Amino acid sequence: MPGSSTVTVHADREVRPSRAVAPPIYQTAAFSAADAETFARAAVDRRGQDFYTRFGNPNHAQVAAVVAELEGTEAAMVTASGMAALTTAVLALVSTGDHVIGQRSTYGGTASVLLNLLPRFGVSTTLVDQTDPEAFDKALTPQTRLILVESPSNPLLQTTDLRAVADLARAHDVLTMADNTFATPLNQRPADFGIDLVWHSATKYLGGHSDVSAGAVAGPAELLDRIWDAGLLTGAVLGPFDAWLLLRGIRTLPLRMPRHNANGQALAEALHDHPAVSRVHYPGLASHPQHELAARQMRGFGGVLGIEFTGGYEAADAFLGQLRYARRSASLGGVESLAVHPASMWRGMLSEDQLAASVPPGLVRLAAGTEDTADLVADALAAADVVAATGDRVRTP
Ligand SMILES: *Cc1c(COP(=O)(O)O)cnc(C)c1O
């Protein structure tokens, strides 16, 4: 088996062989066929690349081949965004009357699909505390069809025992689907633990340069066929140029992730005992309540950390204002550091109650880029010092 750096550079070579060293961009909405028979065959070729771009395009097929090989799955497909990957898969796999289990700590969009979207279509949902190994078992009903997990979770970096959930689901004939956006296949391969489907906001680490919105879902060919069928109808097609950008980005994923991991770890260690900080959420810290589990199922802990400030909402916001390198932005996973205050960002996506249940008001999500570790650490410490000094002034006027 070639290593991941070889895979990201070569796994697409046989998909649409060409003498061009960089793959051509098939910027076309449709393909022609020489005769009726070829045309008819292309029309039903699932995850094909020669009929109509909504049905598939060589640029999709190339990047999907790399994603599947990296995740260790039979097949993969790409979509216009991470949310499109999730909603297309869910639409393909559940029907009215079914029940879906998700996590309490999960990406805001995923929470909203579970809490607000699916119930409108008669699909009931239960959100569980993923740190409790019994919680998934307790939530199972005879109608449960799908369990959605996310590990580490956005933005609290909670860890889910992937093997335990996969084993439980298998025993009950329930499908599992893991959001692997934060870990990436470099740090964790959910399929190795028995998870059926793996999905990504490829907008983040897979793309890696904050220049493309994309999603991916990987798993067994039989399930991918069903998701592809639904994808034809949702029409969340990734543009050929964006698929090409994603492939270009993913080529260097194995080079970028070790730096993201090192930066995340260094920032977490530098900040966790700072006087302005009450807690750092990072699975690579020995003090993380699930560190042992994280170390068992991950090879690295990623570049994202949650920093909780003693001074609450205002302190979190003040910290963001002081950072020199990390800009205030909703995204993550690019070469540039970005930071956000989830309590203010997710206001539009979740109700006040839903928000209060999912994120502490004093939490900052810091996504370390690939800048020099020493620069990021010095910058974050200086910003935290200002927050601490301001807090002291408030306490002793
Ligand atoms: C950003 C994100 C998503 C949503 O992906 P989009 O590409 O923005 O649609 C899903 N899950 C996680 C963990 C994310 O960070």
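The structure reproduced in this document is the subject of the present report. What you are looking at is a predicted structure, and each value in this text was computed from that prediction instead of being measured. (Residues numbered from 1 in each chain as written. Predicted model: local features only at pLDDT ≥ 70, side-chain atom pairs only at ≥ 80, totals over all residues. Heavy atoms only, no water.)

Moving on, we get to the site of the ligand. Neighbouring the ligand are 14 residues; Met83, Asp179, Ser201, Thr203 and Lys204 lie closest to it. Note that an oxygen atom of the ligand is positioned 2.8 Å from one of the side-chain N or O atoms of Ser201. Across the complex, the protein chains shield 91% of the 380 Å² of accessible surface that the ligand would expose by itself. For the shell around the ligand, the secondary-structure elements that each account for two or more residues are α4 (82-93) and β6 (197-201). Here the shell around the ligand is composed, by residue class, of 5 nonpolar, 6 polar and 3 charged. (Near = heavy atom within 4 Å. Polar contact = N/O pair within 3.5 Å; in protein donor to acceptor, adjacent residues only side chain to side chain. Areas by Shrake-Rupley, 256 points an atom, 1.4 Å probe, with all protein chains shown as cover. Helix = DSSP H or I, 4+ residues; strand = E, 2+ residues; numbered from the N terminus. Nonpolar A, V, L, I, M, F, W, Y, C, P; charged D, E, K, R; others polar.)

As for its position among the elements, Arg248 is in helix α10 (residues 240-250). According to the relative accessible area criterion, Arg248 is exposed, its value standing at 57%. Residues Arg248 and Val90 lie 158 residues apart in sequence; the distance between their C-alpha atoms is 28 Å. (Buried < 20%, exposed > 50% of the residue type's maximum accessible area, 1.4 Å probe, protein only.)

Right, let's talk about the nonpolar core for a bit. Counting residues in hydrophobic clusters, the biggest one holds 33 residues, and the most contacted among them are Val280, Leu305, Ile307, Phe309 and Phe319. For this core, the secondary structure elements donating two or more residues are α11 (253-271), β8 (277-281), β9 (304-309), α13 (312-322), β12 (363-367) and α16 (373-395). Per-element tally for this core: the top contributor is α16, with 7 residues. (Core = buried A, V, L, I, M, F, W, Y, C linked by side-chain atoms within 4.5 Å.)

On to the pairing of strand β7 (residues 215-219). For β7, the buried fraction is high: 5 of the 5 residues fall into the buried class. One ladder, built from 5 bridges, connects strand β1 (residues 75-79) with β7; its direction is antiparallel. From the neighbouring strand, Thr79 faces β7, where its bridge partner is Gly215. (Pairing = 2+ DSSP bridges.)

In this structure the tally under the stated criterion is 7 aromatic pairs. Between Tyr282 and Phe301, the ring centres sit 6.5 Å apart and the planes meet at 70 degrees, which makes this aromatic pair edge-to-face. On the criterion of sequence distance, the pair formed by Tyr282 in the loop between β8 and α12 (291-297) and Phe301 in the loop between α12 and β9 is long-range, its members being 19 residues apart. As far as burial versus exposure is concerned, Tyr282 and Phe301 are alike and both buried. An aromatic cluster is present here, built from Phe39, Phe51, Tyr52, Phe55 and Trp228 joined pairwise through their rings. (Phe/Tyr/Trp six-rings, centres within 6.5 Å; stacked < 30°, edge-to-face > 60°.)

Another aspect to go through is the pairing of strand β5 (residues 175-179). For β5, the buried fraction is high: 4 of the 5 residues fall into the buried class. A crossover connection joins strand β4 (residues 144-150) to the parallel β5 through helix α7 (residues 162-171); in handedness this β-α-β unit is right-handed. Pairing of β5 with β6 involves 3 bridges; the strand directions are parallel. Opposite Met177, over in β6, you have Leu197 as the bridge partner. (Right-handed = clockwise from strand over helix to strand, strands pointing away.)

As a packed pair, helix α3 (residues 58-71) and α10 sit with axes 8 Å apart at the nearest point and diverge in direction by 35 degrees. Between α3 and α10 lies a crossing whose hand is left-handed. Contact residues: Asn59, His60, Gln62, Val63, Val66, Val67 and Leu70 in α3; Pro240, Ala243, Trp244, Leu246, Leu247 and Ile250 in α10. For the contact of α3 with α10, the class distribution of residues is 10 nonpolar, 3 polar and no charged. (Axes fitted to C-alpha atoms, helices over the stretch in contact; angles between N-to-C directions. Left-handed = near helix turned anticlockwise from the far one by under 90°. Contact = heavy atoms within 4.5 Å.)

Once that is clear, we can look at the sheet that holds β9. The pairing of strands in a sheet comes from backbone hydrogen bonds and takes either a parallel or an antiparallel form. With mixed pairing, 5 strands are arranged side by side in an open sheet as β8-β9-β12-β11-β10. Edge positions in the sheet fall to β8 and β10 (327-328), since each has one partner strand and no second. Across 3 bridges, the pairing between strand β11 (residues 338-340) and β12 is antiparallel. Its bridge partner being in β12, Leu338 is matched across the sheet by Ala367.

A cis geometry characterises the amide bond from Ser151 onward to Pro152, with omega recorded as -5 degrees. The linkage connecting Asn154 with the following residue, Pro155, adopts the cis geometry, with an omega of 5 degrees. Counting through the fold element by element, Pro155 comes out in the loop between β4 and α7. The phi dihedral of Arg47 is positive, around 50 degrees, even though this residue is not glycine. Tracing the backbone through its elements, the reader meets Arg47 in the loop between α2 (36-43) and α3.

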